[in-house]
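The chain contents come next:
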Amino acid sequence: MSLQLYNTVAREKQEFTSLQEDSVGMYVCGPTVYDYAHIGNARPVIVFDVLFRLLKTIYGEECVTYVRNITDVDDKIIAAHQESGEDIASITSRTTDAFHSDMAALGNLEPTIEPRATDHIPQMISMIEKLIAGGHAYEEQNHVCFNVPSMPDYGRLARLNRDELIAGARVDIAPYKKDAADFILWKPSDEDQPGWDSPWGWGRPGWHIECSAMSSEYLGKTFDIHGGGQDLIFPHHENEIAQSCCAFGEGTFAQIWMHNGYLMVEGEKMSKSLGNFITVHNLLKEHHGEAVRLCMLMTHYRQPLNWTADGLAQAKSNLDSFYGALRATVEIVPATVAPADNFVSALADDLNSPQAIAVLHELVGELNKAGNDKAKATAKNNLLAAGNLMGLLQLDPEDWFKWTPAGASDGLSDADIDALIEQRREARANKDFATSDQIRDDLAAQGIFLEDSADSTIWKRG
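> Help me understand unusual backbone geometry, please; the structure alone is not making it clear to me.
Keep in mind that most residues, glycine aside, have a negative phi and that most peptide bonds are trans. The omega torsion of the bond from phenylalanine 234 to proline 235 falls at 10 degrees, within 30 degrees of zero and hence cis. Along the polypeptide, proline 235 turns up in helix α7 (residues 233-248). Not every positive phi belongs to a glycine, and arginine 159 is a case in point at roughly 55 degrees. Of note, arginine 159 is situated in the loop between β6 (143-146) and α5 (162-169).

So, in structure tokens, the structure goes:
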């Protein structure tokens, strides 16, 4: 099957062919662990998790290496330490654990490799030494800077002119820089800051060198795909290209660059000052992770995503429909067949998740209309296989419909609801329809909805 991916460098969709016939290497920039991840942080994790699943479907489970780093040395982490007084190791450990928990709740697979920046300082130092030796970096006032004028095509990813590059870097023109566009590879650390011994004194790495060193360590000098958010195109990814290509030679590093679009909240930029800053941790207290995940995937990954309460409610409604079809065929054992071709084709067209979701709705319709057990088994598998490729429909239908938000601890328990349904059954058996209707209405008022069949009653939380 042909896989088409949009390459940011070329500004067009291209047919993807892996550098090695039987393997694919993908690197995605991971979190800086100083606080809870927000929904903007979650979007690339979900997007590239779907790509990871798709690549494994096409190339084989064991043939895809997905590297996503942890940045655990950074000025934001130091600032969090200085503000709170909490030990840096405690901050990074705590927030890394929270990130793992939150991303798992959103249905994401673990990457193949998750390197931490602080475990790869020797590789960063070695790469910086190589850049200095090649005339692409220099030491000045205990700093090491990348020599941007030494790379004639610097800026090819962002496609910015020199003035735009300098302005976009958002850094001060420091006295230790020979050129305003130069960026830091290594900087000195104070006594109360993280640091390591190096040929240039006690210090720590710049942000950009971390990803160049870790990607080459696990994927080699040249690999297939590098991904991240659109906000990383410049300066982070531009500087990664500069470092890696100047260290290892032109034509090395990532062959395909992929970037997801920005995220807004109810039409506005997300920010703490506007009061619309949403962390995944808090969102999961009120909403199931699959609903959050589907809401993200309802917009094509390259497009801006406007996060809204209505969109999240629509995602929940869609999942109710999907799980409802599965619940109605709970006794049917799904056939063992591959995901439907039209579903895989939708994702293979540059991760067209909205089209894939449209196919999911078609598959639900086929399952609902299936006339015999064999047809139901095939249709059920098609739906489950497609859902799995999207990281959806991972629950038992009963668990989906009976899930309770963590913040709703004062509601009726499953046992309470079952007891009321039994009372209602007895009332109906005694032709006490007023009591039966009252129980139904009381449950509905508390967000519990009943569905009667000829021989049973099932329920779901709204």
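> Looking at this structure, I do not really get helix α10 (residues 309-328). What am I missing?
Every α-helix winds through 3.6 residues per turn, so residues three or four apart in the chain are directed the same way. Over its 20 residues, α10 runs 28 Å from end to end, which matches the ideal 28 Å to within 8%, given 1.5 Å per residue. Every buried residue belonging to α10 is among Gly311, Leu312, Ala315, Asn318, Leu319, Asp320, Phe322, Tyr323, Ala325, Leu326 and Arg327, and all of these are buried.

> Can you walk me through the nonpolar core in this structure?
Counting residues in each nonpolar core, the largest one holds 73 residues, and the members touching the most others are Ile39, Ile225, Trp307 and Phe343. When near neighbours in sequence (up to four residues on either side) are disregarded, isoleucine 225 contacts Leu5, Phe16, Val24, Gly25, Met26, Tyr27, Leu51, Leu55, Ala254, Ile256 and Met258. Counting 41 residues, the second-largest nonpolar core is a separate cluster that includes Tyr154, Trp186, Ile209 and Ala254.

> When you look at the pattern of salt bridges in this model, what are you seeing that I'm missing?
Counted according to the given criterion, the structure contains 21 salt bridges. The residue aspartate 35 makes a salt bridge to lysine 272 at a minimum N-O spacing of 3.9 Å. Of the two residues, aspartate 35 sits in the loop between β3 (24-28) and α1 (39-59) while lysine 272 sits in the loop between β12 (268-269) and α8 (280-283), which places them 237 residues apart along the sequence. Owing to a relative accessible area of 36%, aspartate 35 belongs among the partly exposed residues under this scheme. Note that glutamate 451 and lysine 460 form a salt bridge whose closest N and O atoms lie 3.7 Å from each other. Overall, glutamate 451 belongs to the partly exposed group, its relative accessible area being 36%.

> Hey, could you run me through the pairing of β6 in this one?
Residue alternation in β6 divides its side chains into two sets, His143 and Cys145 and Val144 and Phe146, and both sets are buried. The pairing of strand β5 (residues 137-140) with β6 spans 4 bridges and is antiparallel. Residue pairing across strands places alanine 137 opposite phenylalanine 146, the latter belonging to β6. Where β5 folds back on β6, the antiparallel hairpin that results is connected by 2 residues, among which glutamine 141 adopts a positive phi of roughly 55 degrees. Sheet topology note: the β6/strand β7 (residues 183-188) ladder contains 3 bridges and is antiparallel. Bridged to phenylalanine 146 within β7 is phenylalanine 183.

> Please explain the sheet that holds strand β13 (residues 305-307) as it appears in this structure.
Pairing between sheet strands relies on hydrogen bonds along the backbone, with the strands arranged either parallel or antiparallel. In spatial order, the strands read β12-β11-β13; together these 3 strands make up an open sheet with mixed pairing. The sheet is open, and its two borders are formed by β12 and β13, each paired with just one other strand. Judged from the 3 bridges that link them, strand β11 (residues 263-265) and β13 form a sheet pairing that is parallel. Looking across to β13, one finds that valine 265 is bridged to tryptophan 307. Its contacts with the sheet put helix α9 (residues 289-297) on β11 and β13, and the angle it makes with β13 is roughly 140 degrees.

Procedures and definitions
Along each chain, numbering runs from 1 in the same order as the chain's sequence is written. Local features in this predicted model are restricted to residues whose pLDDT is 70 or higher, and side-chain atom pairs enter the listing and the counts only when it is 80 or higher, whereas totals over whole chains, interfaces and linings include all residues. Note that the side-chain values use all heavy atoms of the structure and ignore hydrogens as well as water. Runs of H or I in DSSP of at least four residues are treated as helices and runs of E of at least two as strands, each being numbered from the N terminus. A helix is expected to span 1.5 Å multiplied by its residue count minus one. Here the term buried applies to any residue with accessible area under 20% of the maximum for its type, exposed to any over 50%, and partly exposed to those in between, with areas from a 1.4 Å probe on protein chains only. The set of buried Ala, Val, Leu, Ile, Met, Phe, Trp, Tyr and Cys residues whose side-chain atoms join them within 4.5 Å is what this entry labels a nonpolar core. Contact criterion: two residues are considered in contact whenever any of their non-hydrogen atoms come within 4.5 Å of each other. Salt bridges are defined as contacts in which a side-chain nitrogen from Lys or Arg sits within 4 Å of a carboxyl oxygen from Asp or Glu. Here, a strand pair is defined by DSSP locating no fewer than two bridges between the strands. Whenever a helix is involved, its axis is fitted only over the stretch in contact; in every case the axis is a line through C-alpha atoms, and angles between N-to-C directions fall within 0 to 180 degrees.

Everything listed here is a matter of geometry and, on its own, says nothing about what the molecule does.
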